[in-house]
Amino acid sequence: MTVRIDGLFFGKVAQRWDGRDPSAIGKIPVTGYHEINEFGFVSDEQADLKNHGGHDKAIHHYATDHYADWIAEGEVPDGTKPATFGENIASFGMTEKMLCIGDTLRLGTAVVQVSQGRQPCWKVSAHTTNKNMAYLFQKTGRTGWYYRVLESGIAGVGDTVSLLDRTQPDWTVERVTTARLTRRVSEADAIILAVMPELADGWRSAFSKMANGDFGENTSHRLTGEKPE
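Residues numbered from 1 in each chain as written. Predicted model: local features only at pLDDT ≥ 70, side-chain atom pairs only at ≥ 80, totals over all residues. Heavy atoms only, no water.

**Student:** What am I meant to see in the overall build of the protein here?
**Tutor:** When helices and strands are counted, the protein shows seven helices and 12 strands. The C-alpha radius of gyration computed for the protein amounts to 17 Å, which stays within 12% of the reference 17 Å derived for 229 residues, consistent with globular compactness. For the protein, the proportion of its 229 residues judged to be buried stands at 52%. Across the protein, the fraction of contacts at a sequence separation of at least 24, relative to all contacts at a separation of at least 6, is 74%. Here the protein holds 25 positive side-chain charges and 30 negative ones, and the gap between their average locations is 4 Å. (Helix = DSSP H or I, 4+ residues; strand = E, 2+ residues; numbered from the N terminus. Rg over C-alpha atoms; globule rule 2.2 N^0.38 Å. Buried < 20%, exposed > 50% of the residue type's maximum accessible area, 1.4 Å probe, protein only. Contact = heavy atoms within 4.5 Å. Lys, Arg positive; Asp, Glu negative; His and termini not counted. Charge placed at Lys NZ, Arg CZ, Asp CG, Glu CD.)

**Student:** I tried to follow unusual backbone geometry on my own but got confused; where do I start?
**Tutor:** Generally, phi is negative for residues other than glycine and the peptide bonds are trans, each holding for most cases. You will see that Ala83, though not glycine, has its phi angle at about 90°, which is positive. The buried category is assigned to Ala83, whose relative accessible area is 7%. Positive phi is not limited to glycine here, since Arg183 has a value of about 60°. Relative to the helices and strands, Arg183 is located in the loop between helix 4 (173–182) and helix 5 (187–194).

**Student:** Sorry, what's going on with helix 6 (residues 201–211) here?
**Tutor:** Those residues of helix 6 not exposed but buried are Trp203, Ala206, Phe207, Met210 and Ala211. Summarising the axial view, the buried residues of helix 6 lie within an arc of 145°, below the 170-degree limit, and thus occupy one face. Buried residues along helix 6 sit in contact with strand 9 (110–117), helix 4 and helix 5. Looking one or two residues beyond helix 6, the residue adopting positive phi is Gly213, at roughly 85°. (Arc of directions from axis to C-beta.)

**Student:** Would you mind showing me how to read the pairing of strand 4 (residues 33–37) here?
**Tutor:** Within a regular beta strand, the side chains point alternately toward one face of the sheet and then the other, so they alternate between its two faces. On strand 4, burial follows the alternation: His34 and Ile36 on one face are buried, whereas Tyr33, Glu35 and Asn37 on the facing-out side are not. In this structure, strand 4 lies alongside strand 11 (residues 153–156), joined through four bridges in antiparallel fashion. What sits directly across from Tyr33, in strand 11, is Gly156. Pairing analysis gives two bridges linking strand 4 to strand 5 (residues 40–41), with the strands arranged antiparallel. Following the sheet pairing, Ile36 is matched in strand 5 by Phe41. If you look at the hairpin formed by strand 4 and strand 5, you'll find two residues sitting between the two strands. (Pairing = 2+ DSSP bridges.)

**Student:** Hey, could you run me through the environment of Val173 in this one?
**Tutor:** Relative to the assigned elements, Val173 resides in helix 4. The spacing of Val173 and Gln116 is 57 residues in sequence and 6.8 Å in space, taken between C-alpha atoms. For Val173, the contacting residues outside a window of four places in its chain are Glu96, Leu99, Cys100, Ile101, Val114, Gly117, Gly144 and Trp145.

**Student:** Hey, could you run me through the packing of helix 4 against helix 6 in this one?
**Tutor:** The description of two packed helices rests on the angle between their axes and on the distance between the axes. The interhelical angle for the contact between helix 4 and helix 6, taken along N-to-C directions, is 60°, at an axis separation of 10 Å. Taken together, helix 4 and helix 6 sit at an angle that is classed as oblique. Read as a crossing pair, helix 4 and helix 6 show a hand that is left-handed. When helix 4 is examined against helix 6, the residues Val176, Thr177, Ala179 and Arg180 are found in contact with a partner set consisting of Trp203, Ala206, Phe207 and Met210. (Axes fitted to C-alpha atoms, helices over the stretch in contact; angles between N-to-C directions. Parallel < 35°, antiparallel > 145°, perpendicular 65-115°, else oblique. Left-handed = near helix turned anticlockwise from the far one by under 90°.)

**Student:** How do you make sense of the sheet that holds strand 4 when you look at a structure like this?
**Tutor:** For sheets, the rule is that strands pair by backbone hydrogen bonds, running either parallel or antiparallel. The sheet built from three strands is open, its strands ordered 5-4-11 with antiparallel pairing. Whereas interior strands pair on both sides, the edge strands pair on one side only; in this sheet they are strand 5 and strand 11.

**Student:** Can you help me understand the pattern of salt bridges in this one?
**Tutor:** Where charged atoms from two side chains of opposite charge come close, those side chains can pair. One pass over the full model with this rule turns up nine salt bridges. With a shortest N-O distance of 2.9 Å, Asp6 and Arg4 are connected by a salt bridge. Arg4 sits in the partly exposed class, given a relative accessible area of 45%. Taking the shortest distance from any N to any O, the salt bridge between Asp44 and Lys27 comes out at 2.8 Å. On the criterion of sequence distance, the pair formed by Asp44 in the loop between strand 5 and strand 6 (59–63) and Lys27 in the loop between strand 2 (7–10) and strand 3 (28–29) is long-range, its members being 17 residues apart. You'll find Asp44 and Lys27 in the same group, each marked buried. (Salt bridge = Lys/Arg side-chain N within 4 Å of Asp/Glu carboxyl O.)

**Student:** Any chance you could explain the packing of aromatic side chains here in plain terms?
**Tutor:** Two aromatic rings are characterised by how far apart their centres lie and by the angle between their planes. Considering all chains together, one arrives at eight aromatic pairs under this definition. An angle of 65° between the planes, with centres 6.0 Å apart, marks the rings of Trp70 and Phe85 as edge-to-face. Here Trp70 is found in helix 1 (residues 65–72), whereas its partner Phe85 is found in the loop between helix 1 and strand 7 (89–91), with 15 residues between them in sequence. Phe85 shares its class with Trp70; the two are buried. Grouped by ring-pair contacts, the aromatic residues Tyr62, Tyr67, Trp70, Phe85 and Phe137 constitute a single cluster. (Phe/Tyr/Trp six-rings, centres within 6.5 Å; stacked < 30°, edge-to-face > 60°.)

Structure below.
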């Protein structure tokens, strides 16, 4: 499985919405070749390092294939282009149904590994001016996915992303992301995911709680941005 990088997008931290947390979701297209280190593209920024960035969420890849669906469903305007959801990489022909947690890929000259799906927050709703977008991301599973960086390198538009190895063929990004976001998962599956070494630490921790019968996660702050009382 190989796809072409059709777009690369980086953002700077900025105060986007009065009285709310800053964000670097406003990504703009870049040209040329760009360095990738253990935290992702060196020229990209993240505002909230607790929930974005870091080793397990170094680079966000989103399937441009999904934009036609969002437009057809009336959730974004005609002509909406990649980077609307704050992704770093845009491509056709690789989706959450096709990739698995733990997949190792060559990205330009770097080597990356699929670590988790995206856990949408209120910022994607604010950025798209669609108050339901974070919820719709979660409902549809069209979230994109994150990479951790195994080997540093460089990448640019026109380079390829190619599958090198697959260690968890039963656990597609779609399957695991749906289980994580909906919390509809069997005890047996939660036990497996809680100890899956390729899965991001935060998601393993969440599945560990589910394996022990704790499904009481409060998602209101993540989805709406409202502070819990």
